[in-house]
Amino acid sequence: MTDEGDAGGGPSVASDDPFAASDAVTVAADPGAVFAFLDDPENHAAITPGLADVRDVEPLENGGKRLAYTYRMAGVGIDGEIVQTVHEPPERHAFELRGRLTGTIDLRLRPVDGGTELTYAATYGLPENALTRVGAPVVRRFNERQIRAALENVASAFDADG
């Protein structure tokens, strides 16, 4: 596993949006295997910190899926829906989050020496209130840590296999 963050060694940020973050990792497997792993919603529950449950999975015409989820943040369960808007084997998964937590997740895969570079970019929409305005730097760091943990968990899943 290789950290592919910014030149300073930390995660790169998807935009100036305080609720956006991105990062990348090298996974020791080919893009097809990584894509297939990420195509299984149960694997997202296993690798994503805070994602407590995925259920009601329905196939979509684009090859992706629609599903319900429960995300736990600060001990509180947040229910929502994820709709896969892009399903392009073996290069890209993109999702739209709907419900109390809104946003997008974009997973891009490309072959590199040693396996696959997996880039995870996310933008989250939270209800605007004093807490989100004051807490924006804290929320950004939380999102960056969550993305890094998910990427490391994907890489570890393949390290354990091989």
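Residues numbered from 1 in each chain as written. Predicted model: local features only at pLDDT ≥ 70, side-chain atom pairs only at ≥ 80, totals over all residues. Heavy atoms only, no water.

Peer 1: What am I meant to see in empty space enclosed by the protein here?
Peer 2: Rolled over the atoms, a probe as big as a water molecule pinpoints where empty space is left. Tallied over the full model, the rule gives one cavity of 30 Å³ or more. A volume near 40 Å³ is recorded for the largest cavity. Taken together, Leu38, His44, Ile47, Leu107, Leu118, Tyr120, Ala150, Leu151 and Val154 make up the lining of the largest cavity. At the level of secondary structure, the elements contributing two or more residues to the lining of the largest cavity comprise helix 2 (41–47), strand 7 (115–125) and helix 4 (136–161). Here the element with the most residues in the lining of the largest cavity is helix 4; it accounts for three residues. Counted by class, the lining of the largest cavity contains eight nonpolar, one polar and no charged residues. (1 Å grid on protein atoms, 1.4 Å probe; cavity = no way out; pocket = protein on both sides within 12 Å on 5 of 7 lines; lining within 4 Å. Points joined across faces, edges and corners; volume = space filled by probe spheres on them. Helix = DSSP H or I, 4+ residues; strand = E, 2+ residues; numbered from the N terminus. Nonpolar A, V, L, I, M, F, W, Y, C, P; charged D, E, K, R; others polar.)

Peer 1: Help me out: how do you make sense of the nonpolar core in this one?
Peer 2: A general feature of soluble globular proteins is that nonpolar side chains tend to end up buried together. Counting residues in hydrophobic clusters, the biggest one holds 34 residues, and the most contacted among them are Val27, Leu38, Tyr69, Leu118, Tyr120 and Val154. Among all residues touching Tyr69, those that are not within four sequence positions of it are Leu51, Asp53, Val54, Arg55, Ile78, Asp79, Gly80, Glu81, Ile82, Leu97, Arg98 and Leu101. (Core = buried A, V, L, I, M, F, W, Y, C linked by side-chain atoms within 4.5 Å. Buried < 20%, exposed > 50% of the residue type's maximum accessible area, 1.4 Å probe, protein only. Contact = heavy atoms within 4.5 Å.)

Peer 1: Looking at this model, I keep getting lost on the pattern of salt bridges. Mind explaining?
Peer 2: Oppositely charged side chains are able to pair whenever their charged atoms sit close together. Counted by the stated rule, this structure contains 12 salt bridges. Two residues, Arg92 and Asp106, come together in a salt bridge whose shortest N-O distance is 2.8 Å. With a gap of 14 residues between them, Arg92 in strand 5 (residues 92–99) and Asp106 in strand 6 (residues 102–112) connect regions that are remote in the sequence. Each of the two residues, Arg92 as well as Asp106, counts as buried. Note that Asp106 is salt-bridged to Arg108, the shortest N-O span being 3.1 Å. Given the relative accessible area of 43%, Arg108 is considered partly exposed. A network of salt bridges, in which partner residues are shared, links Glu58, Arg66, Glu81, Glu96 and Arg98. (Salt bridge = Lys/Arg side-chain N within 4 Å of Asp/Glu carboxyl O.)

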